[in-house]
Amino acid sequence: MTLAVIIPVYNEAKAIQKNFDTISSTFLEDQISCKYIIVDDGSSDSTWIEICAITNKYPHVSAIRFARNFGKEMALCAGIDYIEADRYLIMDSDLQHPPKYVKDMITLMDTQKVNIVHGIKKTRGKEKPLYKLLANSFYKILKNTTDLQLENSSDFKLLDHQVANAIRQFQESNLFFRGIVDWVGFTSATYAFEVDERIYGTSSFSTFKLIKLAINSVLSYTSKPLYLTIFSGIIFFLFSILLGLQTLANYFLGHAVSGFSTVILLLLFIGSMIMLSLGIIGLYIARIYDEVKQRPRYIVSNHIQCKKYNKRL
Ligand code: UDP
Ligand code: MG
């Protein structure tokens, strides 16, 4: 059984060498033989130089570099596209997905004979309260609208080649990796792990980037928010029948009073509902536009093949 480890990296020049040494030595100790692919997601610092140094030091590491930052989701897809193995492990480069658990994950896959092992966060580590609140409410909304249960889920996953082949068939330019791993089905098991502290650097996901990711993941997974507009339309229609009857009754009974504030309130309310609905529809149209263009999902500017597996070298 060959194992390919896919590591997305973005602006981690200071940490990547040390982190990779830790990952590699842990796997050696645990007697896990594998090859690696490091995906530089268009870092703006000297990450690529560090990655080149790693590929020189370790012969079983290959690397690709994106021409610009395409996001972690695309980095994971590229990793799967560029490497072949029987199994694929996806892990962060910042050691927050501790390599010491990988051995157990592999054993779990073997004993339970499943296609996917999902790493589930036991606790969410040290996170800012705002982040925690946002993450929790996002997962609640997602669970209610799409039945996707992503609470405490992570990108720390072990996949077999069937799952990887299924993922390779996706051509969407906006995809949410955890969402599609859930979507493709197959059998799965979960492995609870303790998130380690980030030792070097800070998370590259700003609050804004996270909100974008949250919206993106809902939109790319489901069209249910569109039903909200129909739903609110129906409620307004019922409401307008009631109010219409009352207005007519007042008119014919001869006491149609000025009622100016009601008109203003209604206008404001209905106006904002219409704008909101248009906004939701607009978001989907934007995504249709993105997909119709059929642009490449990512652009690779450099590719270093691992020396050990490349027969030409
Ligand atoms: N990452 C990436 N592209 C990005 C942002 C992050 O490839 O645009 C990588 C990053 O280098 C790390 C992993 O994704 O290996 C997780 O990122 P981070 O630790 O910043 O996120 P968090 O742990 O806060 O979810
Ligand atoms: Mg992290």
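Notes on the structure in this doc start here. (Residues numbered from 1 in each chain as written. Chains lettered and ligands numbered in written order. Predicted model: local features only at pLDDT ≥ 70, side-chain atom pairs only at ≥ 80, totals over all residues. Heavy atoms only, no water.)

1. With respect to helix 9 (residues 224-253)
Put simply, the test is: A run of DSSP states H or I qualifies as a helix once it reaches four residues; a run of E qualifies as a strand once it reaches two. Both are numbered from the N-terminal end. Given the number of residues in a helix, its expected span is that number minus one, multiplied by 1.5 Å. A simple rule labels every residue: compare its accessible area, found with a 1.4 Å probe on the protein chains alone, to the largest value its type can have, and call it buried under 20%, exposed over 50%, or partly exposed in between. Whether two residues are in contact is decided by their heavy atoms, any of which lying within 4.5 Å being enough.
Between its first and last C-alpha atoms helix 9 spans 44 Å; for 30 residues at 1.5 Å apiece the expected length is 44 Å, and the two agree. Three or more residues of helix 9 are buried, namely Pro225, Thr229, Ser232 and Phe236. Of the surrounding secondary structure, the elements contacted by the buried residues of helix 9 are helix 8 (207-221) and helix 10 (260-292).

2. A closer look at the packing of helix 9 against helix 10
Basically, it comes down to this: Each axis is a line fitted through C-alpha atoms, and for a helix only the stretch in contact is used; angles between axes span 0 to 180 degrees, taken between their N-to-C directions. Oblique is the label for every angle not falling under 35 degrees (roughly parallel), over 145 degrees (roughly antiparallel), or within 65 to 115 degrees (roughly perpendicular). Here a crossing is taken to be left-handed if its near helix is turned anticlockwise relative to the far helix by less than a right angle, and right-handed if that turn runs clockwise.
In contact at an axis separation of 9 Å, helix 9 and helix 10 are set at 160° when each is read in the N-to-C sense. Compared by their axis directions, helix 9 and helix 10 come out roughly antiparallel. For the pair helix 9 and helix 10, the crossing hand works out as left-handed. From helix 9, Lys224, Pro225, Leu226, Thr229, Ser232, Phe236, Phe239 and Leu243 reach across to helix 10, where they touch Leu266, Phe269, Ile270, Met273, Ser277, Ile280, Ile281 and Tyr284.

3. Overview of unusual backbone geometry
For Phe186, which is not a glycine, the phi torsion comes out positive at approximately 65°. Secondary-structure assignment places Phe186 in the loop between helix 7 (177-183) and strand 7 (188-193). Located in the positive-phi region is Gln294, a residue other than glycine, with phi close to 50°. Judged by its relative accessible area of 67%, Gln294 falls in the exposed class.

4. Some words on the packing of aromatic side chains
Applied cut-off: Each pair of aromatic rings taken from Phe, Tyr and Trp, with Trp reduced to its six-membered ring, is defined by centres within 6.5 Å and is described as stacked if the planes are under 30 degrees apart, edge-to-face if over 60, and tilted in the remaining cases. For a ring to carry a charge above it, either NZ of a lysine or CZ of an arginine must fall within 6 Å of the ring centroid while also lying within 35 degrees of the normal to the ring plane.
Applying the stated criterion across every chain, the model contains 11 aromatic pairs. Where Phe66 meets Phe70, the ring centres are 5.4 Å apart and the plane angle is 90°; that geometry is what we call edge-to-face. The exposure class assigned to Phe70 is buried, which follows from its relative accessible area of 16%. Relative to Phe193, the ring of Phe156 lies with its centre 5.0 Å away and its plane at 80°, an arrangement referred to as edge-to-face. Of this pair, Phe156 sits in strand 6 (residues 153-160) while Phe193 is found in strand 7, placing the two residues 37 residues apart along the sequence. For Phe156, a relative accessible area of 0% corresponds to the buried category. Put simply, the rings of Phe20, Phe27, Tyr36 and Tyr58 touch in pairs and so form one group of aromatic residues. Positioned over the ring face of Phe70 is Arg68, at 3.9 Å from the centre of the ring.

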